[in-house]
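# Close look at the chain arrangement
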Amino acid sequence: MHGFIQHHSVACGCGGCPDVPDDQGRRRFLYAALGSAAIAAGAVISSAGPASAQSTLAPDDVLKAMMDGNRRFIDGRLQSLNEDLSILKAKTAEKQEPFAAVLSCADSRVPVEFVFDQSIGQLFVVRVAGNIATPEIIASLEYGVAVLGTRLLMVLGHSNCGAVKATIEGKAVPGQIGALYAPIWPAVNAAGDNLDAAIDANAKMQATLISRSSTVIAGAVKEGKLRVLAARYDIASGVVSLLG
């Protein structure tokens, strides 16, 4: 594992990482992301149009709804739990109309729907350790944008992220856990051993990668139908902070 970790110049493809060469490795990653995502989204785009209910909200209105929900979460005034679950399930049994997509870490301490006080069918959540944008993750997010009509795409990092911390420490790990290191390395290279800075840099770089490597997502942003941003969730306080 240490032999792999010494190669700090692994390209993430985000285009914003310092001292990362534009070599064949980066091009292969971008081609793989575009190819896998296009196949997944293209198979369904032709047979289904974007949702037309909640997704008619403007991107900024979606962000306001989510941040207002985070304030209710912090204040202990959750509204979503008061909804009648049987009614919610009945309304979403045949279709889903989420207004936002969230790429979150798989950490069990980050309950995304609770954090934004949203209920069944409102958020399209994709989770993976380190909230990294692999081709499969990008394909899933493209589905949320192109087919479900989400108007906001948020990459949500969080405090004390174990995946980022493990990448900084560079210790040997069992199984395939080490595969998480390469996509996080550019953020560690940029932030050094500062865990908080690396967590924020990782969220921003993954958001950049998603925006640049997906024609579906880039097109929606250009048309003003989608906003892509990065944010950070503080596990101790419950606060979500937007990252510039």
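See the structure printed just above.
What comes next concerns the included structure. (Residues numbered from 1 in each chain as written. Predicted model: local features only at pLDDT ≥ 70, side-chain atom pairs only at ≥ 80, totals over all residues. Heavy atoms only, no water.)

The N-to-C vectors of helix α8 (residues 181-191) and helix α9 (residues 195-213) enclose an angle of 130°; their axes lie 8 Å apart at closest approach. In terms of axis orientation, α8 runs oblique to α9. The crossing of α8 and α9 is right-handed. Facing Pro-183, Ile-184, Pro-186, Ala-187, Ala-190 and Ala-191 of α8, the residues of α9 in contact are Ala-197, Ala-198, Ala-201, Asn-202, Met-205 and Gln-206. Classifying every residue of the contact of α8 with α9 gives 10 nonpolar, 2 polar and no charged. (Axes fitted to C-alpha atoms, helices over the stretch in contact; angles between N-to-C directions. Helix = DSSP H or I, 4+ residues; strand = E, 2+ residues; numbered from the N terminus. Parallel < 35°, antiparallel > 145°, perpendicular 65-115°, else oblique. Left-handed = near helix turned anticlockwise from the far one by under 90°. Contact = heavy atoms within 4.5 Å. Nonpolar A, V, L, I, M, F, W, Y, C, P; charged D, E, K, R; others polar.)

What follows deals with unusual backbone geometry. Phi is positive for Asn-131, close to 40°, though the residue is something other than glycine. With respect to the helices and strands, the residue Asn-131 is situated in the loop between β2 (123-127) and α6 (135-146). Judged by relative accessible area, which is 2%, Asn-131 ranks as buried. Although it is not a glycine, Asn-160 adopts a positive phi angle of roughly 55°. (Buried < 20%, exposed > 50% of the residue type's maximum accessible area, 1.4 Å probe, protein only.)

Tallying each qualifying case throughout the model produces 2 aromatic pairs. Between Phe-73 and Tyr-233, the ring centres sit 6.5 Å apart and the planes meet at 50°, which makes this aromatic pair tilted. Of this pair, Phe-73 sits in helix α3 (residues 59-75) while Tyr-233 is found in strand β4 (residues 227-233), placing the two residues 160 residues apart along the sequence. Overall, the relative accessible area of 22% leaves Phe-73 in the partly exposed class. An angle of 40° between the planes, with centres 6.2 Å apart, marks the rings of Phe-124 and Tyr-143 as tilted. A residue pair is termed long-range when its members are at least 10 positions apart, and Phe-124 in strand β2 and Tyr-143 in helix α6 qualify at 19 residues. (Phe/Tyr/Trp six-rings, centres within 6.5 Å; stacked < 30°, edge-to-face > 60°.)

Attention now goes to the nonpolar core. In this structure, Leu-103, Leu-141, Leu-153, Val-155, Val-164, Ile-210 and Ile-217 are the most contacted members of the largest nonpolar core, which totals 36 residues. Contributions of two or more residues to this core are made by β1 (100-104), β2, α6, β3 (152-158), α7 (162-169), α8, α9 and α10 (215-222). The element contributing the most residues to this core is α9, with 7 residues. Setting aside its immediate chain neighbours within four residues, Ile-217 contacts Leu-141, Glu-142, Val-145, Leu-153, Ile-210, Ser-211, Leu-226 and Val-228. (Core = buried A, V, L, I, M, F, W, Y, C linked by side-chain atoms within 4.5 Å.)

Our next topic: the sheet that holds strand β5 (residues 240-243). What the 5 strands build is an open sheet, ordered β2-β1-β3-β4-β5; its pairing is mixed. Either end of the sheet is taken by a strand with one partner, and the two such strands are β2 and β5. Put simply, the sheet's adjacent strands are angled 30° from each other on average, direction ignored. In this sheet, β3 lies alongside β1 in parallel orientation, the contact comprising 5 bridges. In the strand pairing of β3, Ser-104 is matched with Leu-156. The strands touched by α3 within the sheet are β1, β2, β3, β4 and β5, with β3 carrying the most contacts at an inclination of about 35°. (Pairing = 2+ DSSP bridges.)

Here the focus is the environment of Ala-93. If you trace the backbone, Ala-93 turns up in the loop between α4 (85-92) and β1. Since its relative accessible area comes to 57%, Ala-93 is described here as exposed. C-alpha separation for the pair Ala-93 and Gly-121, spaced 28 residues apart in sequence, amounts to 9.5 Å.

This brings us to the pattern of salt bridges. Within the structure shown, the criterion is met by 10 salt bridges. A salt bridge links Asp-196 to Arg-232, with the nearest nitrogen and oxygen atoms 2.9 Å apart. Placement of the pair is Asp-196 in helix α9 and Arg-232 in strand β4, with a sequence separation of 36 residues. Judged by its relative accessible area of 42%, Asp-196 falls in the partly exposed class. Three or more residues joined by partner-sharing salt bridges are found here, namely Arg-71, Asp-75 and Arg-77. (Salt bridge = Lys/Arg side-chain N within 4 Å of Asp/Glu carboxyl O.)

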